[in-house]
Amino acid sequence: MPKATRLAFGEALAKLGETHPEIVVLDADLSKSTRTDLFAKKFPDRFFEMGIAEANMIGTAAGLAFTGKTAFAASFGCFLTGRYDTIRLSVAYAQANVRLIGTHAGVGIGDDGHSQMGLEDISLMRALPTMGVFQPMDAKETEYLMSYLVRDWKGPAYVRLTRQALPDLFPAGATFVPGKLMEITPVQGAKKAICIASGATVTEAVEASKKLAAQGIAMSVWNAHSLKPFDDETTIRLAKEAKLIVTAEDHSVIGGLGSCVAEALAKAGSGTKLLKLGIQDLFGESGEGFELYEKHGISAAKIAESVAKALT
């Protein structure tokens, strides 16, 4: 059943709270939107409503982390990363065990417009030493990622989540391997293109692969839930298997997934052609999410169109 990753996060957090008393949660007056309200209802003594004061929330989360707590601090991605100096010093530099949860990512949030759209957050967070950066593609992967961040990850982390519901794509019986790319749409035989997508655009990429198959163009789709650390090894291997590598992201093409892939290919000296699809150095705007995906070239139809054109 389609579910927003912000809701899957809230449900997973509330469940993990039952067995991990060290978890504390902070929110900046948006708990019903970030879905930390689910944790607050079960564990009111471990939930802190900080009001519209994100910098104070981040600093408090870092302080709680240094008392042995695993602190989750949530708000819209654009509002969190708008307090970059506080994150840089209080969380990243201090190596605080804080999980920053940025919801309502990308142009996919639609009508709320640019003031609420996180479009530069991955780029900002990737630039910080010690900071892990993650973006799950669906509810199941969100659950796996949450468990990993509570039980195994040490130090700062940023998690990017959607407002809109996303279909279930995590393969049945598959194993979640932290930090590794996962093939979602396999292709038998020779591949002309490989698409690496992250978050909401994995859905669009899967549908684009179907449209391309109808045109006789084979494109496999891989999901990148981890933007830092990034799976350079698999990326370099994939570059040897196709004529074209495509990245699709609901984020600026500067510093996001496309840059992760470009950096990996450059390190390997790969000559494989790279097509970066995403927000092309532009601000967001109001509109229906599907309309904005069309405009910015990250809808299934536009991805298929761009890939077909790039292969001609």
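The structure reproduced in this document is the subject of the present report.

Definitions and limits used
Residues numbered from 1 in each chain as written. Predicted model: local features only at pLDDT ≥ 70, side-chain atom pairs only at ≥ 80, totals over all residues. Heavy atoms only, no water. Helix = DSSP H or I, 4+ residues; strand = E, 2+ residues; numbered from the N terminus. Rg over C-alpha atoms; globule rule 2.2 N^0.38 Å. Buried < 20%, exposed > 50% of the residue type's maximum accessible area, 1.4 Å probe, protein only. Contact = heavy atoms within 4.5 Å. Areas by Shrake-Rupley, 256 points an atom, 1.4 Å probe, with all protein chains shown as cover. Lys, Arg positive; Asp, Glu negative; His and termini not counted. Charge placed at Lys NZ, Arg CZ, Asp CG, Glu CD. Phe/Tyr/Trp six-rings, centres within 6.5 Å; stacked < 30°, edge-to-face > 60°. Lys NZ or Arg CZ within 6 Å of the ring centre and 35° of its normal. Pairing = 2+ DSSP bridges. Axes fitted to C-alpha atoms, helices over the stretch in contact; angles between N-to-C directions. Parallel < 35°, antiparallel > 145°, perpendicular 65-115°, else oblique. Nonpolar A, V, L, I, M, F, W, Y, C, P; charged D, E, K, R; others polar.

**Some points on the overall build of the protein chain**
And step 1. Helix and strand counts for the protein chain stand at 13 helices and 14 strands.
And step 2. Against the compact-globule benchmark of 20 Å for 312 residues, the protein chain has a radius of gyration of 19 Å, which places it among compact chains.
And step 3. Projected onto its principal axes, the C-alpha coordinates of the protein chain cover approximately 60 × 40 × 35 Å.
And step 4. Across the 312 residues that make up the protein chain, the buried fraction comes to 59%.
And step 5. The contacts of the protein chain with a sequence gap of at least 6 include a subset with a gap of at least 24, amounting to 78%.
And step 6. By element, 54% of the accessible surface of the protein chain is carried by carbon and sulfur atoms, the whole surface being about 12,400 Å².
And step 7. For the protein chain, the centre of its 33 positive side-chain charges and the centre of its 35 negative side-chain charges are spaced 5 Å apart.

**Description of the packing of aromatic side chains**
And step 1. A full pass over the atoms with the stated rule returns eight aromatic pairs.
And step 2. Each ring, one from F76 and one from F79, has its centre 5.4 Å from the other, and the planes form 10 degrees; the classification is stacked.
And step 3. With a relative accessible area of 23%, F79 lands in the partly exposed category.
And step 4. On the numbers, 5.1 Å between centres and 45 degrees between planes, the contact of Y144 with F170 is tilted. Residue Y144 is found in helix α8 (residues 139–151), and its partner F170 is found in the loop between β8 (165–166) and β9 (182–185); the two are separated by 26 residues along the sequence.
And step 5. Positioned over the ring face of F43 is R46, at 4.4 Å from the centre of the ring.
And step 6. Against the face of Y144 rests K140, its NZ or CZ located 5.9 Å from the ring centre.

**Digging into the sheet that holds strand β4 (residues 70–76)**
And step 1. Sheet architecture is open: seven strands sit in the order β3-β2-β4-β5-β7-β6-β12, paired in mixed fashion. A strand with exactly one partner marks an edge of an open sheet, and here the two such strands are β3 (47–49) and β12 (226–228). Recorded for the sheet is a direction-independent mean angle of 20 degrees between the axes of neighbouring strands.
And step 2. Across four bridges, the pairing between strand β5 (residues 98–103) and strand β7 (residues 157–160) is parallel. Bridge pairing in β7 places I101 opposite V159.

**Focus on the packing of helix α4 (residues 54–65) against helix α6 (residues 84–93)**
When two helices pack together, their arrangement is given by the angle between their axes and by how far apart the axes lie.
And step 1. Packing of α4 against α6 brings their axes to within 9 Å, and their N-to-C directions diverge by 5 degrees. When the axes of α4 and α6 are compared, the pair comes out roughly parallel. Listed contacts from α6 to A55, I58, G59 and A62 of α4 are T86, I87, S90 and V91.
And step 2. Taken together, the residues that form the contact of α4 with α6 break down as five nonpolar, three polar and no charged.

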